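Overview (structure and organization)
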Amino acid sequence: MSARSSFVVVANRLPVDRVTGPNGSVIWRRSPGGLVTAMQPVLSSQRGTWVGWLGNATQHGAPPPEPFQLDDFRLRPVPLTQEEITRYYEGFSNSSLWPLYHDAVEPATFKRRWWEAYRRVNHRFAEATSEEAAPGATVWVQDYQLQLMPSILREMRPDLRIGFFLHIPFPPFELFMQLPRRAEILRGLLGADLVGFQRPLGARNFINLSKHLLELHTHSNTIQAEDGRRVMADAFPISIDVSEMEHLAESPEVQTRAKQIRAELGDPRVLLLGVDRLDYTKGIERRFKAFRELLAEGRLTVPETVMVQVATPSRERVEHYPALRSKVEREVGRINGEYGRVGVPAVHYLHQSYSRTELAALYCAADVMMVTPLRDGMNLVAKEYVAARVDDRGALVLSEFAGAADELRQAFTCNPHDLDGLKQTLLHAVRAEEPEVRRRMRMMRRYLRAHDVNRWAISFLTALGSPESDRP
Ligand code: ADP
Ligand code: G6P
């Protein structure tokens, strides 16, 4: 085994996709996703180890992949069997926890056999982490797939400093109480020294549940765990690599591409943009409905207004996702059928992944960015759009149910459940005068520059009391 790390990040996924090059060679490429985007700069600067699953990149029946180096940090793959993928990842993580933690906007499903796989996989992640971590190391566990890991790891390695960060919302008492094994999940999280949430409300929900469900003593934002340790719970809103996005947006390549995109779309007066994983939490259907009604009422017209919706393929084997895709694609067909013309569709729908460069160009090209989730932990796309607007132009329509709404207060905020309100907000953003748009964007950019992902990581690690927080 190579030298153990004093800093280990653990997440369900390793931050890579395996792609095959033109001559059959294997290339490891950074994969999309909020978590990956957020963690990469932190980990690179600290030469740590990332423990996680390689996704479907591994061949069925192949021997477990060995740890390997990517840029300046080490990757430690944790293998999952097909059955574990079905029960731990698609089942308990994405069919029980994900919908329940997102306000049950789609109903959560519970199956007893999923729980056993969830527990077993969390145990395997803890074992791998224990092997990678040096004595006294800091371990930072990420997200809802690994909520049991802190307590399992603490039992194996009481010398470690353990932080946990939940990237998605933490639900209120009434919803959490529906979860079978709810007490075990809480105890799992309480194995950490610090449990971080996106919003203060998430931390309050967690403290409240510890008090009422486990009958633990709590004071302010600390909880006295059953073994007597003091566990801290607090909000640490995640951010993005702001300067990376600014540099991209300023580059001649992106600027040229942004102009080209607008030209290819027929130089519309207003370009509306949505960029989301194709997920039922993102409010994509509400957005289309609002757009369709505005076209029907003649308050928006084609080709003066054109919408681009990028919908990244996601969790296609999990219930609700294929159905969502069908509904979205049917709606796009309906809008284009009713309001498009030959060569001039009203909606350009792209069910694909894109490079950072292409995304930045789309952000720079769009007059109005629509971020309308029904519930979202943070929503990094909203922050990326703001960071990309180095020209201080562009209007952000932002749901109040996204964590980002706590911070991006100059956005055009909306309640996506209220269709008339959403339409009003969209029109307001489309029609806003340039000075107002610039004023709002300038203030949001200023805020974001002072609150980037590096600051997020440092504030979490400082609260955890980790020596890693002193490093650049
Ligand atoms: P979530 O984590 O729920 O997917 P976020 O908005 O927080 O939502 O993060 C999504 C991340 O994925 C962003 O960094 C965004 O740039 C990236 N992303 C979204 N769509 C695409 C796409 N089609 N191609 C590449 N990256 C994408
Ligand atoms: C959200 C979750 C992450 C997850 C990502 C992509 O950002 O908080 O934990 O990795 O979505 O989803 P996937 O299921 O493809 O990993």
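Structure: above.
Residues numbered from 1 in each chain as written. Chains lettered and ligands numbered in written order. Predicted model: local features only at pLDDT ≥ 70, side-chain atom pairs only at ≥ 80, totals over all residues. Heavy atoms only, no water.

**So, the overall build of the protein**
Along its length, the protein carries 16 helices and 18 strands. With the C-alpha coordinates aligned to their principal axes, the bounding extent of the protein is approximately 65 × 55 × 40 Å. Residues classed as buried in the protein amount to 57% of the 472 residues present. Taking as baseline every contact in the protein between residues at least 6 positions apart, the subset at least 24 positions apart corresponds to 75%. Here the protein contributes 61 positive and 58 negative side-chain charges, whose respective centroids are spaced 1 Å apart. (Helix = DSSP H or I, 4+ residues; strand = E, 2+ residues; numbered from the N terminus. Buried < 20%, exposed > 50% of the residue type's maximum accessible area, 1.4 Å probe, protein only. Contact = heavy atoms within 4.5 Å. Lys, Arg positive; Asp, Glu negative; His and termini not counted. Charge placed at Lys NZ, Arg CZ, Asp CG, Glu CD.)

**Considerations on the sheet that holds strand S18 (residues 412–414)**
Strand order in the open sheet made by the six strands is S15-S14-S13-S16-S17-S18, with parallel pairing throughout. A strand with exactly one partner marks an edge of an open sheet, and here the two such strands are strand S15 (347–350) and S18. Strand-to-strand twist in this sheet, taken as the mean axis angle between neighbours without regard to direction, amounts to 20°. In this structure, strand S13 (residues 270–277) lies alongside strand S14 (residues 305–312), joined through eight bridges in parallel fashion. Directly across from Leu-271, in S14, lies its bridge partner Val-306. Each of S13, S14 and strand S16 (368–371) touches helix H12 (residues 356–365); the most contacted strand, S13, lies at about 145° to it. Sheet contacts for helix H14 (residues 419–431): S13, S16, strand S17 (395–399) and S18; angle to S18, the most-contacted strand, approximately 170°. (Pairing = 2+ DSSP bridges. Axes fitted to C-alpha atoms, helices over the stretch in contact; angles between N-to-C directions.)

**Quick notes on the pattern of salt bridges**
Inspection of the entire model under this criterion finds 42 salt bridges. We note a salt bridge from Asp-279 to Arg-315, for which the minimum N-O separation is 3.5 Å. Taken together, the positions of Asp-279 in the loop between S13 and helix H10 (284–296) and Arg-315 in the loop between S14 and helix H11 (321–339) put the pair 36 residues apart, joining distant regions of the chain. A salt bridge links Arg-356 to Glu-384, with the shortest nitrogen-to-oxygen separation between them at 3.2 Å. (Salt bridge = Lys/Arg side-chain N within 4 Å of Asp/Glu carboxyl O.)

**What about the site of ligand 2?**
Inspection of the region around ligand 2 gives Arg-13, Tyr-89, Trp-98, Asp-143, Tyr-144, Gln-145, His-167, Ile-168, Arg-277 and Arg-315 as its neighbouring residues. Measuring from an oxygen atom of ligand 2, one finds a side-chain N or O atom of Arg-13 at 2.6 Å. When isolated, ligand 2 has an accessible area of 380 Å², and the protein chains bury 84% of it. Tallied by class, residues from the shell around ligand 2 come to four nonpolar, two polar and four charged. (Near = heavy atom within 4 Å. Polar contact = N/O pair within 3.5 Å; in protein donor to acceptor, adjacent residues only side chain to side chain. Areas by Shrake-Rupley, 256 points an atom, 1.4 Å probe, with all protein chains shown as cover. Nonpolar A, V, L, I, M, F, W, Y, C, P; charged D, E, K, R; others polar.)

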